[in-house]
Amino acid sequence: MSSTVTAAQRRRTCLLASSFLAAVLSLGISAAKAQQISSDQLPPIEVSPPGDENRTRARPVNDEGSGSRRVAPNLSQTSSPGGAPANSPNVSSPGNATTIRQFAGIVGASTSVITAEDIAHSPAQSIQEIIAQTPGVQLTSLFGGVNGVQTTVDLRGFGAFATANSLVLINGRRLNDIDMAGVDLSTIPRDSIERIEITRGNSGAVLYGDNAVGGVINIVTKTGIGGPPVAIRAEGGAGSFNQRFASVSTAANAGPWSASFYGNGFKSDGYRVNNALDQRNAIGNINYSTPDLTAFLTVTGDDQKLGLPGGRFVDPSIGLNQLVTDRRGATTPFDYANKQGASATAGFTKTLWNGAELIVDGGVRDKKQQAGFFGSTAVLPVPSFLSSYIDTTLQTWSITPRLSIKNPILGIPSNILTGIDYYDATYHSNRSQFNGFPPIHVYDLSQQTLAGYWQQTVGLLPTTDFSYGGRAQNTRLSARDRFDPTAPGAFDTQANPLDSSETQYAVHVGFEHRLNEVFSVFGRAARAFRTPTVDERVASGPAFDAFFNPIPGNFTLKTQTSYDVEGGFRIRAGLLQVQSSIYNMDLVNEIHFDPVNFFNINLDPTRRYGSETSTSVRVSDSLLFRSAFAYTRAIFREGPFAGNDVPLVSRYTANAGVTWNVWQNYLVVDATVRGWSERRMDNDQPNRQPLIPANATIDFKLSGEYGHLFWSIGVNNVLNALYYDYAVASAFTDGRFSAYPLPGRTYMVKAGATF
């Protein structure tokens, strides 16, 4: 091995070690004087079904509902013969000491939980910005809408392809579709969220399937179960860029029945020209709950209209810099994207015997999208004849029965979750020059996935948990392209049909060992995969040869696989909580876009490694400090770009925040600072273009309640930082790029009432 490679490995080891221990060294002295912490600090996740399995396969161990202070685990329970307290997998009693199992879910994984109370207090205006307070999470935004429209959440450094490598669930069910559009979290009413569970790394692939390469984000919504007979909450607000906001939520309970509804609406002129947003979202639930049977029906709908302003050009060779001369202008003043979505999910949970439950749910999700792309007015002041119009429908049916068994095996505590997932998706897309013109291409793709999985967690010792699991998943795909050479704008050719069937697998092994009541260590190893999206298949392979003759496409891309290892520790010492880990992820056949030839390819092998640390300190019942830090490297490990950074990944990200209840609930102060280092632009695999600059933002909010009334005043980006976190580099000219500027200082005022 060369001295250069050896030196690089030593530097990598030093960086990981230093970032791994940074938070502990900075807070170690305070830990010695710790007071007893309130239990509403990022509780662990219990992946074994806890009784609301119709909503999620994972939940916090000590979750007691949204918005209220959670009670700490009872440490005085009588121990069962297996060493763990009866009816509680989270507490054990080795000898005369009592030890809290700090994690009882996907053992060995790094996790965070954001509660409804955390969401209510956050000064961030979007769900994505709230999630970004988790270590290792990065954001990419093109439009800067204050509600986070189309903002991408990136877990562990996947840049432009983050949406396909981060699995998003709602109540334990997949939201990721087989297209490349990604999950728009702005369509979920913020008030409907009970908690957000974030599991970083690829171990979630066993329970949930492909796309969980970077991690899993599970959004658990409220049901209204157990509340008053009738409750109503209404809120309205106004802010920068002529934004108007309104939301309403209701819940009702009568005997075993309950119902709830959450809806909101946004309108905004947007930060930039042709950046207007008009959006409405709603979620409704009906629930039936008895001791041995629960059932539910959930219906959702959303409608979104959004203007697409394009990027701002910078080209030093001709003295052009629109980021300075016309930051808020539009390069594409006619482009737009509209979307309508609807879904219905129903299911039940039936107790089969003490400790065993059958959970069956299924649903249908329908998404329609229309988008018009008319070209840049830098060339012509009117729509170009190279324009395109896309009209797409995507429908997904699913059924996911599973069995939860929480019974000791040979006296050893055991949780088993096993089940079958079946998804059937159909994709139909008309591609024409203008709306109403005959389609040039008509793409029809259908995909069916059938998977079986098993995951078991056992208490090998009162201080040691062990988890293992596996999934086998078969994916069948049929893809067809109908090309009309007589349609206006037609100049290429028809793609070859594809019929394929492939079986992939995911595995997970993890452990956690509690050295004492304060300190525990954990580790895991896992394999995961992701299949190409239909959009990636449509744009795979070259469209033209060297002489610009059309070449038929073939929809063919290889499945991406990842291999993870991770290790870390957790500290729970009075007022202090710390979680820190280091990880390494090797990927094969990572799917990416070729910036020179303009089609999707499978990359040479890549690697991601880094460390993530989060801390929280509750000084008193009225004062809470929290912080997070991450070091993330995403590099090519083979091929012509070996050693280069993967674009759009910042090496360093950090955030810190404070919540101060100044005067009971009448006045509360919340502040968050979030910073990130520079990153490579999209398309810059050679690493020769300018970097997207590092930057930081500060968000601040005052809020309060008086009786049934509540209010808030928020200021985001207090210091008016003029930044952008996405830019596309020219593949041919050094220094030339197109950037998507984000807003400076913005304001939002809200007020409402409960009844």
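That block above? That's the structure.
Residues numbered from 1 in each chain as written. Predicted model: local features only at pLDDT ≥ 70, side-chain atom pairs only at ≥ 80, totals over all residues. Heavy atoms only, no water.

Side note on the overall build of the protein
Here is the rule we go by: Runs of E in the DSSP output that reach at least two residues are strands. Runs of H or I that reach at least four are helices, and both are numbered from the N terminus. Only protein chains enter the accessibility calculation, which uses a 1.4 Å probe. A residue is then buried if its area is under 20% of the maximum for its type, exposed if over 50%, and partly exposed in between. Only heavy atoms matter for contacts: two residues are in contact if any of them lie within 4.5 Å across the pair. Note on areas: Shrake-Rupley with a 1.4 Å probe; residue coverage comes only from the protein chains shown.
When you go through the protein residue by residue, the secondary structure sums to seven helices and 42 strands. For the protein, with 755 residues in total, the buried portion stands at 56%. In the protein, once contacts between residues fewer than 6 apart in sequence are set aside, the share between residues at least 24 apart is 67%. Carbon and sulfur atoms make up 62% of the accessible area of the protein, which totals about 29,800 Å².

Regarding the pairing of strand β16 (residues 293-307)
Where we set the bar: In this analysis, strands are considered paired if DSSP registers two or more bridges between them.
Sheet analysis places strand β15 (residues 277-290) next to β16, joined by 14 bridges and oriented antiparallel. By the bridge assignment for β16, Q279 is matched with Q304. Here β15 folds back onto β16 in antiparallel fashion, the turn holding two residues. Pairing analysis gives 15 bridges linking β16 to strand β19 (residues 336-353), with the strands arranged antiparallel.

Topic: the packing of aromatic side chains
The line we're drawing: Here is the rule: rings of Phe, Tyr and Trp (six-membered ring for Trp) pair when centre to centre is within 6.5 Å. Planes less than 30 degrees apart are stacked, more than 60 are edge-to-face, and the remainder are tilted.
Inspection of every chain in the model, using the stated rule, returns 17 aromatic pairs. Here the aromatic rings of F241 and Y271 are separated by 5.6 Å at their centres, their planes lie at 65°, and the arrangement is edge-to-face. On the criterion of sequence distance, the pair formed by F241 in the loop between β12 (230-239) and β13 (243-254) and Y271 in the loop between β14 (257-268) and β15 is long-range, its members being 30 residues apart. In this structure F241 comes out as buried when scored by relative accessible area, which is 18%. When its relative accessible area of 6% is taken as the criterion, Y271 is described as buried. Residues Y724 and F737 carry aromatic rings whose centres are separated by 6.4 Å and whose planes lie at 25° to one another, so their mutual orientation is stacked. Taken together, the residues Y724 in the loop between β39 (709-716) and β40 (727-729) and F737 in strand β41 (residues 737-739) connect sequence positions 13 residues apart.

Digging into the sheet that holds strand β10 (residues 193-200)
The strands that make up a sheet pair up through hydrogen bonds in the backbone, lying either parallel or antiparallel. Spatially, five strands are ordered β5-β10-β11-β8-β9 in an open sheet, and the strand pairing comes out mixed. At either end of the open sheet lies a strand with only one pairing partner, and these are β5 (110-115) and β9 (173-174). The pairing of β10 with strand β11 (residues 215-221) spans seven bridges and is classified as antiparallel. Within β11, the position partnered with I196 by the bridge is I219.

Here we look at the sheet that holds β41
Strand order in the open sheet formed by four strands is β18-β17-β41-β40, with antiparallel pairing between adjacent strands. At either end of the open sheet lies a strand with only one pairing partner, and these are β18 (320-321) and β40. Across three bridges, the pairing between β40 and β41 is antiparallel. Along β41, the bridge assignment pairs A727 with A739.

Here we look at the nonpolar core
The condition is simple: Throughout this description, the term nonpolar core refers to a set of buried Ala, Val, Leu, Ile, Met, Phe, Trp, Tyr and Cys residues connected via side-chain atoms within 4.5 Å.
Judged by nonpolar contacts, the single largest core of 22 residues is most densely connected at I131, V153, L185, I188, I196 and I217. Contributing elements (two or more residues each) for this core: α3 (127-131), β6 (137-140), β7 (152-155), β8 (166-170), β10 and β11. Apart from the residues within four sequence positions on either side, I131 is in contact with I114, V137, V153, L185, I196, I198 and I217. One finds I106, A109, L169 and F529 within the second-largest nonpolar core, a separate group that totals 15 residues.

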